[in-house]
Amino acid sequence: MELESVPGVGAKTAEALRELDDPERALSEGDVAALSRAPGISEGRAAHIARGAIRAEHDDPGGFAATPRTRELYEAALSLLQERTVTDYGAKRLETLYPSGVRSRIDEVRAFTERALEREPTPAVCEALSGVEPLVEPGDVRVRDRCLATGDAETYAAAQSAIPEVSVELVDDARQLAELARSYATVVVLDEAFAGVDVEGDVRVEPDALEEPASVVPERVLTFFARNRDAVRAAVAVHREADLEAPCDLDALASALDQLDEDGSVRGDEELDRLTTAVDDLDAAVSAAESVANDHLRAAIEERDVTIEGTDLLSLVERGAGVDSLLDRELADEYAAAVDRARDHLVDALQLRDTEAMARRAFPDEPTYPVEHEERVVSRLREELTATRDRRATQRKRAIADELASVRGAAQALVDAALELDVELAVARFAADFEATLPELTDEPGFDIEGGRSPLLDVPFEDVEPVDYRVDGVTVLSGVNSGGKTSTLDLVALVTILAHMGLPVPAESARVGRISELHYHAKTQGTLDAGAFETTLRDFGELVTDVTADRPVLVLVDELESITEPGAAATIIAGILESLTEREAAGVFVSHLAEDIVEAADADLSVDGIQAEGLVDGELRVNRSPVKGELARSTPELIVEKLAEDGDGFYAGLLEKFE
Ligand SMILES: Nc1ncnc2c1ncn2[C@@H]1O[C@H](COP(=O)(O)OP(=O)(O)OP(=O)(O)O)[C@@H](O)[C@H]1O
């Protein structure tokens, strides 16, 4: 599929879409999630583009929603579905569903709907879905302690585009390489030619590095997963709760994710935690160890009576020897015990292993009081521990990055499937909430709705009375005031729109004749001036003459008489109805002038009626299902009838005039 041939895709959008792995597939499948991964394409825009692509794919000329009222009802239907999604993505994705007159498109969505109707939207799945969102590509990863080096201009350019996270440097010889090794902790050389060159520092010759970017920058995949960790976890939960088939081992993915912190660092590794704590607590542990030794030594000294020969004392004083010598001579064992305690404390507190011997040297054998650590040894210990910690972190990062890099595609598929499930569940919930069923879509004009209940009425859905209504050609719908004529047109329009979207309709059962356009004209408020009236008449003129067998339409019109005076209106409506009948179109014209219209028409017109079954406590009791071929009696007539029943001759006479 040529990208620019899709309606709504210009040169700039096409360029953005080319950044995707397989833009043609994303377009032809209407994959909003994939399309919105293109730079600068929002989900709303992606839905618009997908709609264009779907239309192109199915040769759909569009134009189904031919009037503002039809578009309003499409939007109302869409909102009912969108309210039932959990994710924003799901709501946008639903916008790719639109009413179409092309059977292949309708059938495609019907297949999706059939799948959707088997789904069960349990609270646990919905809860898990609330954490799912499309994965984002962290574009800002920068790694400064590593660089790539090459002597070849082409490799240089390839490296820059393959691994943009690190600097790429041009090197001609070993001297330049050595310079780089002094500036960076690690230099990855891309040219085989440098193999064997002896340079101090962490210099690796890896000619294949560009093929495995994760080995050079494990941060790439780690940041990706860290940034998207919650969404992937939620997608894992969705798969578990909904029992979806997973593209990878969910437990392995979950445990790899558990090892990542939000910032992409490694967690949950005991050895790394031990080393990190040792570095952090080193100073505190050293001074605590000193205190342990000194407390012990002080207590030992306090308990001891030191006896010293006079000559010895003299000799010590003459030599200028301090108390240390006395300590050495008289309290050597106590000192050794105190230092041992300090050493043990340090090793235990920091849980040292490889560096234990070094740590023990932090407290000297030569007696001093107070006992003091050797700063030089502690510094070396710090360096050693820090280096071991960093090595361990890098090693763990690499290992987790390797593990995650291999499931990156699967994670994407996992999230996409979860988001797609949200769309299916919205349809399932819509069907459950409104007791909707998939309609039969035929090539006969008209419709046959049984037990239709409009979710758009101003009464709670459970109070909506079911309506049965069948129309095969063109008919006038009469009815008592507030009997539900407009509501019936709304129901017919909604059912027709949903059926052409490939979705279930709120009815026990329904047959809908496939059409290319739905013309629903709502009631206009007040009489139109001459200009507006002429425009309306022209619209109907065009509509009537454009109807052909290969472009079938359904026309729904609510009280066209409101646009002009009653006499003229009846004549005009009669003329439109006759023309539509001749062209075998289907239509329902709601009117209070049914009798006048029939009279004005040359052909036989059918009239249906929403009948009042009587007055109960001054309130009309209405049969909401139009009765075929019966003109509805008016409300005034019913009231006169009621008064006549009460026995007054005047009303009986009046009633006769109605008949
Ligand atoms: N199927 C139904 N179930 C329950 N209530 C309904 C149903 N249809 C209509 N109603 C109620 O009747 C009210 C009037 O309906 P509607 O406006 O469709 O009547 P109408 O015949 O077009 O009125 P008008 O004579 O003013 O043109 C609605 O607002 C709704 O409250």
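Position numbers for residues start from 1 in each chain and track the written sequence from start to end. Per-residue local features are limited, in this predicted model, to residues with pLDDT of at least 70; the limit for side-chain atom pairs, both in listing and counting, is 80 or more; totals at the level of whole chains, interfaces and linings are taken over all residues.

Notes on the UniProt feature "binding site: ATP" (unreviewed entry) in the protein chain
To be explicit about the condition: UniProt positions are given in the numbering used here, feature names are shortened, and annotations may be inferred rather than shown by experiment. What counts as a helix is a DSSP run of H or I of at least four residues, what counts as a strand is a run of E of at least two, and both are numbered from the N terminus. Exposure in this text rests on C-beta crowding, where 20 or more other C-beta atoms within 10 Å of a residue's own make it buried, 12 or fewer make it exposed, and counts in between make it partly exposed. The C-beta atoms are placed from the backbone. The contact criterion used is a C-beta to C-beta distance within 7 Å, with each C-beta placed from the backbone.
Residues annotated in UniProt with the feature "binding site: ATP" (unreviewed entry) correspond here to Gly-479, Val-480, Asn-481, Ser-482, Gly-483, Gly-484, Lys-485 and Thr-486. Along the chain, Gly-483 falls in the loop between strand 8 (474-479) and helix 22 (485-501). Accessibility expressed as a C-beta count within 10 Å gives 22 for Gly-483, which makes it buried. Apart from the residues lying within four places of it in its own chain, the contact partners of Gly-483 are Ile-610, Ala-612, Val-622 and Ala-632.

What to know about the sheet that holds strand 3 (residues 186-189)
Rules: DSSP-based pairing: two strands are paired if at least 2 bridges between them are found. To get an axis, a line is fitted to the C-alpha atoms, and for a helix only the part in contact is used. The angle between two axes follows their N-to-C directions and goes from 0 to 180 degrees.
The strand order across the open sheet formed by four strands is 2-1-3-4, and the pairing between neighbours is parallel. A strand with exactly one partner marks an edge of an open sheet, and here the two such strands are strand 2 (167-170) and strand 4 (202-205). Taken pair by pair, the neighbouring strands of this sheet meet at an average axis angle of 25 degrees, ignoring direction. The pairing of strand 3 with strand 4 spans four bridges and is classified as parallel. Bridge assignment links Thr-186 to a residue of strand 4, and that residue is Asp-202. Against the sheet, helix 10 (residues 174-183) touches strand 1 (146-150), strand 2, strand 3 and strand 4, its axis set at about 145 degrees to strand 3.

Details of the pairing of strand 10 (residues 517-521)
Look at any regular strand and the pattern is simple: side chains alternate between the two faces of the sheet. Burial within strand 10 is extensive, with five of its five residues counted as buried. Burial along strand 10 is two-sided: Glu-517, His-519 and His-521 and Leu-518 and Tyr-520, pointing in opposite directions, are all buried. Examined bridge by bridge, strand 10 and strand 11 (residues 553-558) share five bridges and lie parallel to one another. Looking at strand 11, one finds that Tyr-520 is bridged to Leu-556.

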